[in-house]
Amino acid sequence: MAREIIIGCCGWSYFRPKEFSDKLVRPYGSTLQAYAQLFRAVEVNSTFYRIPQLATAERWHSEATQVNRRFLFTVKAYQAITHVYRFGKRSIRFFESIRRVANSLFAPIVLFQSPASFKPGAANIKKMNGFLSQVERGKLLLAWEPRGRWFDQPDLIEEVSQAHKLIVCVDPFRNDPLFPSDRRNAYFRLHGFGKPSMYRYDFSRKELEELGAVIKSLPPSVKRAYIFFNNVACYHNALEFARMVG
């Protein structure tokens, strides 16, 4: 089985169809429909800030798949789960809402991004273990993007991920890919190195070639690699990378 490389961006809010009019071959009624003609997937980043109505999620899925039947959504978990209640007991009810949204989008993955202030240690591991052992995920895969000092102690990432069958999400320009549990899926989020904000960045062709080399070097067990660009030039960078990998 060949490896499937799924390329997209973290959201479509800033996508400007007129910038890509020469590449759009079908009529579109929304920005998402224009985006879905050019990309294989999107990480719904807006769900970090606000949980949408299920009818809205269903409309998004319908719009995208009308122009691209193979289009995939993934969903970023609501900030109350990870940043406000920080995997505490109150996080569980918010996960239920996110799970329903993900199911409405037929999304295979929900991503948890823990803040840099959520440091590695026994207390936070206990909170994550408690949360992850109680939530009902159904067929959903769960990805975790540790931030801050976690990568100084990869054994702790491995401990949590193995216990709960998590995909470890990384920015491969910052940290090496880890596969302690789910060895079939890679999930990369590329943020950039801009200043003062890291997101103000445009990846060079050389950097995209380096990214391609990282993907080629992934273990043979990895059958799906999700690549999401999350920088100001994300749409142009994602299209260029898609052309490079064919």
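We now turn to the structure provided with this report.

**What about the side chain of Glu145?**
Part 1 of the reasoning: For Glu145, the position within the fold is in strand β5 (residues 141-145).
Part 2 of the reasoning: Side-chain polar atoms of Glu145 contact the side chain of Gln113, separated by 3.1 Å.
Part 3 of the reasoning: Discounting residues that sit within four places of it in the chain, Glu145 has contacts with Leu111, Phe112, Gln113, Ser114, Cys169, Arg189 and His191.

**Observations regarding the environment of Trp150**
Part 1 of the reasoning: Mapped onto the fold, Trp150 is located in the loop between β5 and α6 (154-164).
Part 2 of the reasoning: For Trp150, a relative accessible area of 0% corresponds to the buried category.
Part 3 of the reasoning: The spacing of Trp150 and Lys119 is 31 residues in sequence and 6.8 Å in space, taken between C-alpha atoms.
Part 4 of the reasoning: For Trp150, the residues in contact, after removing those within four places along its chain, are Phe118, Lys119, Pro120, Ile125, Trp144, Leu156 and Ile157.

**Thoughts on the pattern of salt bridges**
Side-chain pairing between opposite charges can occur once the charged atoms of the two side chains come close.
Part 1 of the reasoning: Summed over the entire model, instances satisfying the criterion amount to twelve salt bridges.
Part 2 of the reasoning: Here Arg205 ties to Glu209 by a salt bridge, and the two come within 3.5 Å at their closest N and O atoms. Placement of both Arg205 and Glu209 in helix α7 (residues 205-216) is noted, with a separation of four residues, approximately one turn of the helix.
Part 3 of the reasoning: Overall, Glu209 belongs to the partly exposed group, its relative accessible area being 41%.
Part 4 of the reasoning: Residues participating in the shared-partner salt-bridge network are Glu4, Arg40, Arg70 and Arg224.

**Here we look at helix α2 (residues 54-67)**
Part 1 of the reasoning: Taking 1.5 Å of rise per residue, 14 residues should cover 20 Å, and α2 covers 21 Å from first to last C-alpha, within 8% of that figure.
Part 2 of the reasoning: For α2, the set of buried residues is Ala57, Trp60, His61, Glu63, Ala64, Thr65 and Val67.
Part 3 of the reasoning: For α2, the secondary structure elements touched by its buried residues are α1 (31-38), β2 (41-44), β3 (72-76) and α4 (91-104).

**Looking at the pairing of strand β1 (residues 4-9)**
Part 1 of the reasoning: Both β1 and strand β8 (residues 224-229) contribute to a ladder of six bridges, which runs parallel. When the bridges of β8 are listed, Cys9 appears paired with Phe229.
Part 2 of the reasoning: Where β1 meets β2, two bridges bridge the pair, whose relative direction is parallel. Looking across to β2, one finds that Cys9 is bridged to Val42.
Part 3 of the reasoning: With α1 bridging β1 and its parallel neighbour β2, the resulting β-α-β unit is right-handed.

Calculation notes
Here, residues in each chain are numbered from 1, in the same order as that chain's written sequence. For this predicted model, a pLDDT threshold of at least 70 governs which residues receive local features, and a threshold of 80 or more governs which side-chain atom pairs are given and counted, while totals over whole chains, interfaces and linings are taken from all residues. Think of the side-chain values as coming from all heavy atoms in the structure, minus any hydrogens and water. Strands are runs of DSSP state E lasting at least two residues, helices are runs of H or I lasting at least four, and both sets are numbered from the N terminus onward. Residues adjacent in sequence count toward polar contacts only when both atoms are side-chain atoms; beyond that, a polar contact is any pair of N or O atoms within 3.5 Å, and within protein one must be able to donate a hydrogen and the other to accept it. Any pair of residues with heavy atoms lying within 4.5 Å of one another is described as a contacting pair. Throughout this description, buried means an accessible area under 20% of the type-specific maximum (1.4 Å probe, protein chains only), exposed means over 50%, and partly exposed covers the range between. By definition here, a salt bridge exists when the distance from a side-chain nitrogen of Lys or Arg to a carboxyl oxygen of Asp or Glu is within 4 Å. The span expected for a helix works out to 1.5 Å for each residue beyond the first. A pair of strands counts as paired when DSSP detects no fewer than two bridges linking them. Crossover handedness is defined by viewing with both strands directed away from the observer: a clockwise path from the first strand over the helix to the second marks the crossover as right-handed.

Read these as spatial facts, not as claims about activity.
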